[in-house]
Amino acid sequence: MSVFSGLFSSDMAIDLGTANTLVYVRGKGIVLNEPSVVAYHVKDGKKQVLAVGEDAKLMLGRTPGSIEAIRPMRDGVIADFDTAEEMIKHFIRKVHKRTTFSKPKIIVCVPHGATPVEKRAIRQSVLSAGARRAGLIAEPIAAAIGAGMPITDPTGSMVVDIGGGTTEVAVLSLGDIVYARSVRVGGDRMDEAIVSYLRRHQNLLVGDATAERIKCTIGTARMPDDGRGQSMTIRGRDLLNGVPKETEINQAQIAEALAEPVQQICDAVMQALEATPPDLAADIVDRGVMLTGGGALLGELDLALREQTGLSISVADESLNCVALGTGKALEYEKQLRHVIDYDS
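Residue numbering note: each chain is counted from 1, following its sequence as written. Local features in this predicted model are restricted to residues whose pLDDT is 70 or higher, and side-chain atom pairs enter the listing and the counts only when it is 80 or higher, whereas totals over whole chains, interfaces and linings include all residues. Derived side-chain values reflect all non-hydrogen atoms in the structure, with water molecules and hydrogen atoms excluded from consideration.

Student: Can you walk me through the environment of glutamine 263 in this structure?
Tutor: With respect to the helices, strands and loops of the structure, glutamine 263 is situated in helix α9 (residues 259–275). For the pair glutamine 263 and alanine 221, spaced 42 residues apart in sequence, the C-alpha to C-alpha distance is 9.1 Å. Numbering goes from the N terminus for both helices and strands, where a helix is a DSSP run of H or I of at least four residues and a strand is a run of E of at least two.

Following this line, the structure appears as structure tokens:
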């Protein structure tokens, strides 16, 4: 039966991210890119899903008491099992508008630091959502493949994947991980840093959506040369008198707010370099370090890392989609990359 259902299915690769979920379908490329958010409404003690993805993200921080909008992924792993399953089902259905015959084979990427329990939760959710087989691939390997790095060569490559919940730093050689570490700092931690900075220094309370907009518009990892940089107007609630207020902030303030998460990313890269075997470290000096993930788009992050490490740092062309593209390539070239996919079924 599984062979029969395989004939009708289009296998897919899923980058189940803390911030966004991307779906890659074999032969078609990335067909879906939506926020990892689910909105549900509790009726008689049962959850009813109202919206998933883009529609649900608009509800974050704006819901009445009867509706809840949550992100089922935390730090790259499933935090809310049932909601994550509903979200995966929704995305598979959206991509697969076919008959009930089709049961696709699905490869999902997981953070390198995920525990066996977390991996089992992801695998179980994917199988419950209708996959005939679920494979897992480590996020740093997927990011390196997606960035076009020659990971199967006997030379060292270093990739730093900065996602919404985690930053994965890995040294790869001969198609596998030589050293990797996952630090729980990413885009979400940067948003939190902006929120707490504005609360402390401006007595202004802003929501996560506003913090994310600030980060994407004027976020920078280094102090601007003129000590001020660009500025933008933001709105929030004044904590002193409780009324809505509008104020202006500049890049220098945001660089100060993001100093701690940026330093944590720099420290993780430095520790990885210290733990790398000497011959591979020599290859990394030649090749430099590749940054992938949404966090790599933070202004001047590559320069901040270059100043700390002295290495050449480059940002991948499609850094946002690298992990999804790499997971998709692992699906397309499964025979050559079989050793990096974990089918424990």
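Student: Can you walk me through the sheet that holds strand β12 (residues 167–173) in this structure?
Tutor: Note: strands within a sheet are paired through backbone hydrogen bonds, in either parallel or antiparallel orientation. Strand order in the open sheet formed by five strands is β13-β12-β11-β17-β18, and the pairing between neighbours is mixed. On the outer flanks of this sheet lie β13 (176–183) and β18 (313–315), each paired with one strand and no other. Each neighbouring strand pair of the sheet contributes to a mean axis angle of 20 degrees, computed without reference to strand direction. In this scheme, strands are said to pair when DSSP sees at least two bridges between them. Pairing of strand β17 (residues 289–292) with β18, which is carried by three bridges, proceeds in the parallel orientation. Only C-alpha atoms enter the line fits that serve as axes; for helices the fit covers just the stretch in contact. Angles between N-to-C directions range over 0 to 180 degrees.

Student: Looking at this structure, I do not really get the environment of valine 31. What am I missing?
Tutor: Positionally, valine 31 belongs in strand β3 (residues 29–35). The spatial distance from the C-alpha of valine 31 to the C-alpha of valine 95 is 7.3 Å, given a sequence separation of 64 residues. Excluding anything up to four places from it in sequence, valine 31 contacts Val23, Val25 and Val95. Contacts: residue pairs with any heavy atoms within 4.5 Å of one another.

Student: Looking at this structure, how should I read the confidence of the model for the protein?
Tutor: Counting all residues, the mean pLDDT for the protein is 83, and 95% of those residues have values of 70 or more. Per residue, pLDDT measures the predictor's confidence, with a range of 0 to 100. Of the regions scoring below 50 in pLDDT, residues 1–8 engages in ten contacts with residues more than four places distant in sequence or in other chains.

Student: Sorry if this is basic, but what is going on with the state of the cysteines here?
Tutor: Here, the word disulfide means a covalent bond between the sulfur atoms of two cysteines. Criterion for a disulfide: a pair of cysteine sulfur atoms within 2.5 Å. Tallying each qualifying case throughout the model produces zero disulfides. Cysteine 322 supplies the cysteine sulfur nearest to cysteine 109, a cysteine that is in no disulfide, at a spacing of 12 Å. We note that cysteine 266 lacks a disulfide partner, and the nearest cysteine sulfur, in cysteine 216, lies 19 Å from it.

Student: When you look at the pattern of salt bridges in this model, what are you seeing that I'm missing?
Tutor: Between side chains of opposite charge, a pair can form when the charged atoms approach closely. Salt bridges are identified by distance alone: a Lys or Arg side-chain nitrogen within 4 Å of an Asp or Glu carboxyl oxygen. One pass over the structure, following the stated rule, counts 13 salt bridges. The shortest N-O distance in the salt bridge between arginine 71 and aspartate 188 comes to 3.3 Å. Within this pair, whereas arginine 71 is found in the loop between β6 (67–70) and β7 (73–74), its partner aspartate 188 is found in helix α6 (residues 187–202), the two being separated by 117 residues in sequence. Here aspartate 238 and lysine 245 are joined by a salt bridge, their closest N and O atoms 4.0 Å apart. Relative accessible area decides the class of each residue, using a 1.4 Å probe on protein chains only: under 20% of the type maximum gives buried, over 50% gives exposed, and in between gives partly exposed. For aspartate 238, a relative accessible area of 10% puts it in the buried group. By relative accessible area, lysine 245 is classed as partly exposed at 27%. Residues joined by salt bridges that share partners form a network here, namely Asp11, Arg26 and Arg132.

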